[in-house]
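Below are the chains, spelled out letter by letter.
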Amino acid sequence: MRYRDAGVDLDKQRRLHQLAAGLLGGGVGSYVRWLGLGGVEVALHVDGVGTKTIWLAEAGRLEVAGWDCLAVNINDVVCDGFRAVAAVDYVAVAPGMEEAASAVLRGLGEAAGRAGVVILGGETAILPDLVKGVDVVCTVMAVREAAPRRPEPGDYIVGLESTGPHANGYSLLRRLFRLDEHICGGRAADVLLQPVALYDGVLTLMKEGLVKSAAHITGGGFAKLKRALHGLGAEVELGRIPCWAEEVLRRGVPREEAYRVFNMGVGMALVTDAPRDLVRRAEDLGYAARVIGRVKEGGPVAVDGVVF
């Protein structure tokens, strides 16, 4: 089964992105655009939780949606050296699901407290006919605290482990699994609905000079790594993938498709010229880290043999 079979055509999505790009201005990063205001570079960035909320509602875990909404934005902006300082949210629910919005906001508050982000406002909408479940979106304001550097051939790529599929590919996952079945030694709900890992510590590593550039592995899978390489190639061998990712492959998702949809156990990829020091410091900050690849002069980005 492919993502297209679950209703998500990545080629059509890319065309929409290309159309939207014609409207954009400001400074250009790998993940964000920014403006200079009073000598400070300030970015706005928006992302949502997507169809993971369908399962979270079924499992009674919508607090995770609030957490995820802020985490996915923070993880994007740190790749360009920005720290999220404030956020607004948009929560849309179907009639009768008003308590769902309350749960989302509790999770959002928890993530904001953990990351030191101020919630400045938001919109909670009850939308009969238009929304049948819960839709959760956040926008963050972020300020520049570090500047990514250009990678060079011979640099290393360090992977930070994910806590699961994070917030991507759930339209496909919902075709492959049932929440009440047992996989990987536990209930699918417990394996597949973990909160998104918060990689705000990557900004510290960048400020210390250990991280040259970073890629948040989200929608599009390891194609995101190309953003951090600025035209260079790479050879990546994950070495191991988590049980849930193995199960995705076992249930019929082609390998090339899986690596383009899911993070396969690596939520963030970091480019460095000091791999041992980076792994040690990342572990100091609580991340499970390992060297997964090298940067090359040319050629494609290849991850476990899948070419991007």
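Provided above is the structure to which this section pertains.
Analysis parameters
- Residues numbered from 1 in each chain as written.
- Predicted model: local features only at pLDDT ≥ 70, side-chain atom pairs only at ≥ 80, totals over all residues.
- Heavy atoms only, no water.
- Disulfide = S-S within 2.5 Å.
- Helix = DSSP H or I, 4+ residues; strand = E, 2+ residues; numbered from the N terminus.
- Buried < 20%, exposed > 50% of the residue type's maximum accessible area, 1.4 Å probe, protein only.
- Contact = heavy atoms within 4.5 Å.

> Could you give an account of the state of the cysteines, naming the residues involved and the relevant values?
Cysteine pairs can be covalently joined through their sulfur atoms, and such a bond is termed a disulfide. The final tally for this structure, using the stated rule, is 2 disulfides. For Cys 69, the disulfide goes to Cys 138, at an S-S distance of 2.3 Å. Across the disulfide from Cys 69 to Cys 138, rotation about the S-S bond amounts to roughly 130°, and the bridge is consequently right-handed. Residue Cys 69 is located in helix 3 (residues 63–78), and its partner Cys 138 is located in strand 6 (residues 134–144); the two are separated by 69 residues in the primary sequence. Note on accessibility: Cys 69 and Cys 138 belong to one class, buried. Each disulfide pairs two cysteine sulfurs, and for Cys 184 the partner residue is Cys 243, the sulfurs being separated by 2.1 Å. Between Cys 184 and Cys 243 the sulfur-sulfur dihedral comes to about -90°; the bridge is accordingly left-handed. Residue Cys 184 is located in the loop between strand 8 (182–183) and strand 9 (186–187), and its partner Cys 243 is located in helix 9 (residues 243–250); the two are separated by 59 residues in the primary sequence. Since its relative accessible area comes to 33%, Cys 184 is described here as partly exposed. In this structure Cys 243 comes out as partly exposed when scored by relative accessible area, which is 35%. When the bonded cysteines of the protein chain are numbered from the N-terminus onward, they pair as 1-2, 3-4.

> Provide a residue-level description of the environment of Phe 222, including the pertinent values.
With respect to the helices and strands, the residue Phe 222 is situated in the loop between strand 10 (213–216) and helix 8 (225–229). In this structure Phe 222 comes out as buried when scored by relative accessible area, which is 1%. Considering only alpha carbons, one finds Phe 222 and Ala 100, 122 residues apart in sequence, at a separation of 33 Å. The residues touching Phe 222, leaving out its near neighbours within four places in the chain, are Ile 217, Leu 238, Tyr 259, Phe 262, Asn 263, Met 264, Val 266, Val 303 and Phe 308.

> Got a sec to walk through the environment of Met 97? Specific residues and values, please.
As for its placement among the helices and strands, Met 97 is situated in the loop between strand 4 (82–93) and helix 4 (98–115). You can call Met 97 partly exposed: its relative accessible area is 23%. For the pair formed by Met 97 and Leu 35, sequence separation is 62 residues and the distance between their alpha carbons is 38 Å. Setting aside residues up to four positions removed in sequence, Met 97 forms contacts with Ala 57, Lys 132, Gly 133 and Val 134.

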